[in-house]
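Commentary on secondary and tertiary structure
Now for the letters of each chain:
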Amino acid sequence: MTIPRPSAGVLRDAAFVAAALLDVWVHVEPDEPKRLALALFAASALVLRRRLPMLTFVLTLPAVVFSDAIFACLAALYTLATFTRRRTLLAACGMAYALSDMTDWTPGPSLNLWSPTGLITLGYTAATAAAPIFLGQLVQARRDLSLRLTEISQARDHERRLSAQAVLAEERAKLAREMHDVVSHQVSLIAVQAGALQVGAQDTEVKRAAATIRRMSVQTLDELRHMVNVLRDSHGRPTELTPQPSLTDLRRLIDSSGIDAELKAELPDGLPPTLQRAVYRTVQEALTNVRKHAPGATATVRLTYEGNAVHLNVCNTAPTRPALPLPGAEYGLVALRQRAALLGGTVSTGPTPDGGYELRLVLPVKKAP
């Protein structure tokens, strides 16, 4: 069993009470029951000093009047000075302590306040009262300064984030201009040339190929336009660069790929969106590779669900035409493997016996708890 440790405030309260009791033991004789009772009551009242500082000061004041045990009242005055901002109240409490300390209830001649001795005694007691007041005000100023430094630090962090967002917005706007001026212009030319080829060509295959090029160019322009709009958004909101696809978009992807491809899907409903996007991107990359490296080949996209995992198989036949040299970063399969690894899956590729190529993806489906 773990015993909870007392807080720092409780420990300080206990230290104040212990010091006040020591002051009572030194300055109050046991044969003076009334003074002893007032002094002990003042020491025990210090447990209220942080919750009711003004009341604590009032409860400790009689011990100053009737005894020499003054520590409890000074501790209460210090606590009051750390919490209140009313300087007039602190001055009045300090004067009340000074007058109470000068009051003598024992038989004998009383001290004349206006005599030199009385004025010196008043100055001494007033200085004694001023010490805990100044110390309490110093603690209060230190606490206020700490809060101000925290606010300044938070403001600087906020300003730094705003500056970083402004720089990011500027870079995004610059990137958007580059994409719009260069990429969009070139893709538009491709679409226009493909449209002209579709109209002027006599061969059916050429017309079909030109129509496919034009359709894909228009689709690329739409996606590029969306990406440019997102990049121009300077508010820094976390948003996707393109609309995120799902398994329902596979048919449209295959039909617009320009490849004679067949889709065979047997999957349950309710698969996680991240898994659906991973499958879509894998099929997209596989069909792109077929179009680039195996012209004239046919492809089969097969999706099955076995053993709490989604199995994707994209297999293409041998090419019927020589492949054209096209630029490529050769990072497509690497990115697919990284995406699959993040989801706990695997990607494997390799040639088939008939001269084709096959890509296999396995992604586990995590059941909801």
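These lines cover the structure that appears in this document, whether it is placed above or below.

Criteria and thresholds
- Residues numbered from 1 in each chain as written.
- Predicted model: local features only at pLDDT ≥ 70, side-chain atom pairs only at ≥ 80, totals over all residues.
- Heavy atoms only, no water.
- Helix = DSSP H or I, 4+ residues; strand = E, 2+ residues; numbered from the N terminus.
- Contact = heavy atoms within 4.5 Å.
- Areas by Shrake-Rupley, 256 points an atom, 1.4 Å probe, with all protein chains shown as cover.
- Polar contact = N/O pair within 3.5 Å; in protein donor to acceptor, adjacent residues only side chain to side chain.
- Pairing = 2+ DSSP bridges.
- Axes fitted to C-alpha atoms, helices over the stretch in contact; angles between N-to-C directions.
- Salt bridge = Lys/Arg side-chain N within 4 Å of Asp/Glu carboxyl O.
- Buried < 20%, exposed > 50% of the residue type's maximum accessible area, 1.4 Å probe, protein only.
- Parallel < 35°, antiparallel > 145°, perpendicular 65-115°, else oblique.
- Left-handed = near helix turned anticlockwise from the far one by under 90°.
- Nonpolar A, V, L, I, M, F, W, Y, C, P; charged D, E, K, R; others polar.
- Expected span 1.5 Å × (residues − 1).
- Arc of directions from axis to C-beta.

1. With respect to the overall build of the protein
When you go through the protein residue by residue, the secondary structure sums to 10 helices and five strands. Relative to all contacts within the protein whose residues are 6 or more apart in sequence, the contacts with residues 24 or more apart total 66%. As presented, the protein carries roughly 23500 Å² of accessible surface, and 61% of it is formed by carbon and sulfur atoms.

2. Examining the environment of Thr248
When you line up the elements, Thr248 lands in the loop between helix H7 (204–231) and helix H8 (250–255). In terms of polar contacts, Thr248 uses its side chain to reach the side chain of Ser246, at 2.8 Å.

3. Some words on the sheet that holds strand S1 (residues 260–266)
Sheet architecture is open: five strands sit in the order S1-S2-S3-S5-S4, paired in mixed fashion. Because the sheet does not close on itself, it has two edges, and the strands there are S1 and strand S4 (346–351). The sheet shows a mean angle of 10° between the axes of neighbouring strands, direction not considered. When S1 meets strand S2 (residues 298–306), the two strands line up parallel, connected through seven bridges. Bridge assignment links Leu263 to a residue of S2, and that residue is Val301. Where helix H9 (residues 273–293) meets the sheet, its contacts fall on S2, strand S3 (309–316) and strand S5 (357–364), and the angle it forms with S5 comes to roughly 175°.

4. Some remarks on the pattern of salt bridges
Applying the stated criterion across every chain, the model contains six salt bridges. In this structure, Arg208 and Glu205 form a salt bridge, with 2.9 Å as the shortest nitrogen-oxygen distance. Taken together, the residues span about one helical turn, with Arg208 and Glu205 both in helix H7 at a distance of three residues. You can call Arg208 partly exposed: its relative accessible area is 45%. Judged by its relative accessible area of 53%, Glu205 falls in the exposed class. With its nearest N and O atoms 3.9 Å apart, the salt bridge here joins Asp255 to Arg251. A residue pair is termed a helical-turn pair when its members lie 3 or 4 positions apart in one helix, as Asp255 and Arg251 do in helix H8 at four residues.

5. As for the packing of helix H3 (residues 53–66) against helix H4 (residues 71–83)
When two helices pack together, their arrangement is given by the angle between their axes and by how far apart the axes lie. Running from N to C, H3 and H4 point in directions that differ by 160°, and their axes come no closer than 8 Å. Overall, the two elements H3 and H4 adopt an arrangement that is roughly antiparallel. In this structure, H3 meets H4 at a crossing whose hand is left-handed. Counted together, Pro53, Met54, Thr56, Phe57, Thr60, Leu61 and Val64 of H3 and Ala72, Cys73, Ala76, Leu77, Thr79, Leu80 and Phe83 of H4 form the full contact between these two elements. Taken together, the residues that form the contact of H3 with H4 break down as 11 nonpolar, three polar and no charged.

6. Regarding helix H2 (residues 33–44)
The first and last C-alpha atoms of H2 sit 16 Å apart over 12 residues, in line with the 16 Å expected at 1.5 Å per residue. Restricting attention to buried positions, one finds in H2 the residues Ala39, Ala42 and Ala43. One face of H2 carries all of its buried residues, which in axial projection span an arc of 100°. What points out from H2, more than 90 degrees from its buried face, is the exposed set Pro33 and Lys34. Residues of H2 that are buried make contact with helix H1 (8–27), H3 and H4.

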